[in-house]
Structures are given as structure tokens and as C-alpha cells.
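The residues making up each chain are set out below.
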Amino acid sequence: MLAFEPQPLPWQLAQWQQLIAQRQQQKLAHAYLLHGMPGVGKLHFAQLFGQLLLCLKPNLETASPCQQCKSCLLFNASSHPDILQIVPEGSGKPIKVDQIRQLIDFVAKTAQQGGYRVIIIDPADAMNINASNALLKCLEEPGRNTILLLLSERTSALLATIKSRCQVLAFPLPALSVAKAWLQQQSLADNDLDQLLVAAHYQPLTALTFHKNQRLKQRQALQSCLATITKGQKTPVAAAQEWQNEDLLCLFDWLVDWLAEMIKWVMAKDETFIKNHDMLKMLNYVSSKAGVTRLYGYYAWLIEQRQRLLGAANQNKQLVLESLFIGWLHLTIY
Ligand SMILES: [Zn+2]
């Protein structure tokens, strides 16, 4: 069930020790809010802590699950009856009240292995208002030996009443050197780690996913494609045809990222704002030619369109891509 080795990630040791100490003093809270950027391993942390609570013979010295007891075996087979993970039913979909009712039923039963019951809600900010209200009652009195772990990237989207009932655990981004060392441990070559981390906003797990999905190659291809459009060597329609088979959300993510950098560049005239050094020349050219108004206009369109993509299943891909590339071309033509 865990995606990584059964230990906290190197930048999560303080949070881990905090929970271990609370457990030893029998002062664990009923509910924790684990918040931080995506790609910092909040889910891994929550699952590992869940496994440790469920483990029948935890190693007290290392504070780690034994991996051999019945509980650990069930956990590793993703079939432990006393851990419940609640996630949206699809990307961009909300967590609904029916799912929280399932949680309430789960809490009402006695733990089948006689120990803790662990509930992970990922991400908690995906709960709609009915789901949030239903959860509130459970957060007040979850019952003995029941721990709720709420994961969130946007705690501003959570009800204040939910936040106030949780103990907060922050997961900041690790230092660059720590992230790089960890990626090396995952057998990633040293030469493109910097670029990978920049592209992944310094989020180590996101960087790992980018590496596995060869996202840097896609990024370079998009970069070249945009350059040929700017130079008038390719039309937006032709470019749209070339990108038909790619994940649209990824393209929007890259562009949102670059536009944000260009806006900062134009506003502050400060080169240090450009983290994508390999694109310095192009980003500088386009941003100075476009000017801040056009940059903001395109940026706002990208954000809005990206949001729309999350919600809709049947988008006309060709049309969306044409608009995307026309918008880019429009930045540099008068
Ligand atoms: Zn165990």
C-alpha cells in the first residue's frame, strides 16, 4: 500500500517524532490536519502512521511497523479492515456526503482487529458543504481509538469549524539539497535534477512523477513548439494537431507556470524571478513584447480554462488547443 520504503521521508522526521511522542504520552489527538504543497508526501506519511497505529508488534526503538504481524500483512495487501481512505471518485470531483456517511458507519463499528481505526481523507478540501457538515459531527466525537487524518493543500477551502477541531501538522517543502539527495536515492541521474525540481516547483514526489512520465521531454517539446509559433514558422492550428494525444492539463500547467514567471519578470525586471533558466531568452522576449496587460489576460484565460477542463469530460480538444496556441501567438503580435 505504501509507495515508498516504510519510513517517513527525510524531510518529515520532525512531524513523525511529534506524533510518536504524543502516542507515547497517550496524547494523540482525534484528528490531524496535514497540510502542505502537493508532492511533499503527506499521503505516504498518513498511511505510514496508520500502519504503525494498526501494527500489533511495532518496533518501539525505531517507531516503525513490524511488517510481519497480521495487521501489517493486511495493510500491505491493501485489505486491512480498520483503515479507511476516502478520496474523490474522479479527478476534480468533490468528496460527497455519501462517502462521509460510509465513514460514519465505519466509525460506528468496533475495530475488527481490536486496536485503532484510522481514516484518511485525501484531499479534505475536496469535501463539498454537505460532506463537510456531516464530517463535523464525527470530528466532535469520533469514538475511542479512532484517528482521522485530513490531508489538504488548500486549507482556506476547509470550514473553519473543521480546522478548529484538528491538530495542525505543516509539511513545508524540503531544502533543495534534501530533495536532490532523496531523488538520487530513487536512482535518478544527477544531471537533470535541478531542471526537474524547477519544473516540479521543488516538490520531490512531483519531480519523481515527472521523471517517470518523461515530462521534461514533453516540456522541451512544448517549449520548441511555442518558439516556432512565435517565429511564425508554425500555425496554431498545425500545433494543435500535433498535441492532440497529450494530456491537456499538463500543457496548461506548464503554460500557467511560465506565464506567472513572465509576469513577475515584467513587473519587477528581476531575472532571479525566472527559475526556468533554459527558457530565459524566450520568456524574456515574449514578456517584454507582450506587456503586462496581455500577459495577465492570457494568464487569466489559462486559469479559467484549466478549471473548466477539470470539470468537463467532453472537451473539443482541437478547439481548446487552437485557442491555447492562438493565445500564445497573440502575446507577440501587434
Ligand atoms: Zn506489524
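Conventions and cut-offs
- Residues numbered from 1 in each chain as written.
- Predicted model: local features only at pLDDT ≥ 70, side-chain atom pairs only at ≥ 80, totals over all residues.
- Heavy atoms only, no water.
- Helix = DSSP H or I, 4+ residues; strand = E, 2+ residues; numbered from the N terminus.
- Buried < 20%, exposed > 50% of the residue type's maximum accessible area, 1.4 Å probe, protein only.
- Contact = heavy atoms within 4.5 Å.
- Areas by Shrake-Rupley, 256 points an atom, 1.4 Å probe, with all protein chains shown as cover.
- Lys, Arg positive; Asp, Glu negative; His and termini not counted.
- Charge placed at Lys NZ, Arg CZ, Asp CG, Glu CD.
- Donors = N, O, S within 2.8 Å, 3.2 Å for Na, K, Ca; no water.
- Core = buried A, V, L, I, M, F, W, Y, C linked by side-chain atoms within 4.5 Å.
- Domains from an automatic or database assignment.
- Buried area = accessible area lost by both parts, 1.4 Å probe.
- Salt bridge = Lys/Arg side-chain N within 4 Å of Asp/Glu carboxyl O.
- Polar contact = N/O pair within 3.5 Å; in protein donor to acceptor, adjacent residues only side chain to side chain.
- Nonpolar A, V, L, I, M, F, W, Y, C, P; charged D, E, K, R; others polar.
- Phe/Tyr/Trp six-rings, centres within 6.5 Å; stacked < 30°, edge-to-face > 60°.
- Lys NZ or Arg CZ within 6 Å of the ring centre and 35° of its normal.
- Pairing = 2+ DSSP bridges.
- Axes fitted to C-alpha atoms, helices over the stretch in contact; angles between N-to-C directions.

## A closer look at the overall build of the protein
Here is step 1 of the chain: Each helix and strand counted, the protein has 14 helices and five strands in total.
Here is step 2 of the chain: Seen through its principal axes, the protein has C-alpha atoms that stretch 70 × 45 × 35 Å.
Here is step 3 of the chain: Counting only residues that meet the buried cut, the protein has 47% of its 334 residues in that class.
Here is step 4 of the chain: Long-range contacts, defined as pairs at least 24 residues apart, comprise 73% of the intrachain contacts of the protein with a sequence gap of at least 6.
Here is step 5 of the chain: In the form shown here, the protein has an accessible surface area of approximately 16700 Å², with 52% of it arising from carbon and sulfur atoms.
Here is step 6 of the chain: Looking at charge distribution, the protein has the averaged site of its 31 positive side-chain charges lying 3 Å from that of its 25 negative ones.

## Describing the coordination of the zinc ion
Here is step 1 of the chain: Around the zinc ion, the protein supplies Cys55 (SG), Cys66 (SG), Cys69 (SG) and Cys72 (SG) as donor atoms, at distances of 2.3 to 2.4 Å.
Here is step 2 of the chain: For the zinc ion, the single-chain donor residues occur in sequence as C-x10-C-x2-C-x2-C.

## Looking at the environment of Pro123
Here is step 1 of the chain: Inspection of the secondary structure assignment puts Pro123 in the loop between strand E3 (117-121) and helix H5 (129-140).
Here is step 2 of the chain: The class for Pro123 is partly exposed, based on a relative accessible area of 23%.
Here is step 3 of the chain: Expressed as a C-alpha distance, the spacing of Pro123 and Pro81, which sit 42 residues apart in the sequence, is 21 Å.
Here is step 4 of the chain: If sequence neighbours within four positions are ignored, Pro123 has contacts with Pro88, Ile95 and Leu151.

## Focus on the nonpolar core
Here is step 1 of the chain: Residues Tyr32, Leu34, Leu149, Leu255, Phe325 and Trp328 are the most contacted members of the largest nonpolar core, which totals 81 residues.
Here is step 2 of the chain: Sorting elements by how many residues they give to this core places helix H12 (residues 248-268) first, with 13 residues.
Here is step 3 of the chain: Counting 26 residues, the second largest nonpolar core, distinct from the first, contains Leu33, Ala131, Leu139 and Leu148.

## A few points about the domain arrangement of the protein
Here is step 1 of the chain: Per the domain assignment, the segments of the protein are domain 1 (10-172), domain 2 (174-212) and domain 3 (214-330).
Here is step 2 of the chain: Computed from C-alpha coordinates alone, the two centres of domain 2 and domain 3 are separated by 23 Å.
Here is step 3 of the chain: The interface is formed by ten residues belonging to domain 2 together with ten residues belonging to domain 3.
Here is step 4 of the chain: Both faces considered, domain 2 and domain 3 share a buried interface measuring about 840 Å² in area, 56% of it formed by carbon and sulfur atoms.
Here is step 5 of the chain: Inspection of the domain 2/domain 3 interface yields zero salt bridges.
Here is step 6 of the chain: Taken together, the links from domain 2 to domain 3 amount to five residue pairs in polar contact (both at pLDDT 80 or more).
Here is step 7 of the chain: Contributions of two or more residues to the side of domain 2 that touches domain 3 are made by helix H8 (193-199) and helix H9 (204-212).
Here is step 8 of the chain: Counting residues per element, the side of domain 2 that touches domain 3 draws most heavily on H8, at four residues.
Here is step 9 of the chain: Its residues placed into classes, the side of domain 2 that touches domain 3 shows five nonpolar, three polar and two charged.

## Regarding the packing of aromatic side chains
Here is step 1 of the chain: Tallied over the entire structure, the rule returns nine aromatic pairs.
Here is step 2 of the chain: When the centroid spacing of 5.9 Å and the interplanar angle of 40 degrees are considered together, the rings of Phe252 and Trp301 count as tilted. You can see Phe252 sitting in helix H12 and its partner Trp301 sitting in helix H13 (residues 280-311), a full 49 residues away along the chain.
Here is step 3 of the chain: What makes Trp301 partly exposed here is its relative accessible area of 24%.
Here is step 4 of the chain: Following the ring pairs from residue to residue traces out a cluster consisting of Trp16, Phe45, Phe49 and Phe171.
Here is step 5 of the chain: For Arg219, the ring lying beneath its charged end belongs to Trp254, and the centroid distance is 5.9 Å.

## A word on the sheet that holds strand E4 (residues 146-152)
Here is step 1 of the chain: Strand order across the open sheet formed by five strands is E2-E3-E4-E1-E5, with parallel pairing between neighbours. Edge positions in the open sheet fall to strand E2 (83-86) and strand E5 (167-170), since each of these has one partner strand only. In this sheet, neighbouring strand axes are inclined to one another by 20 degrees on average, regardless of whether the strands run parallel or antiparallel.
Here is step 2 of the chain: The pairing of E3 with E4 spans five bridges and is classified as parallel. In the strand pairing of E4, Ile119 is matched with Leu148.

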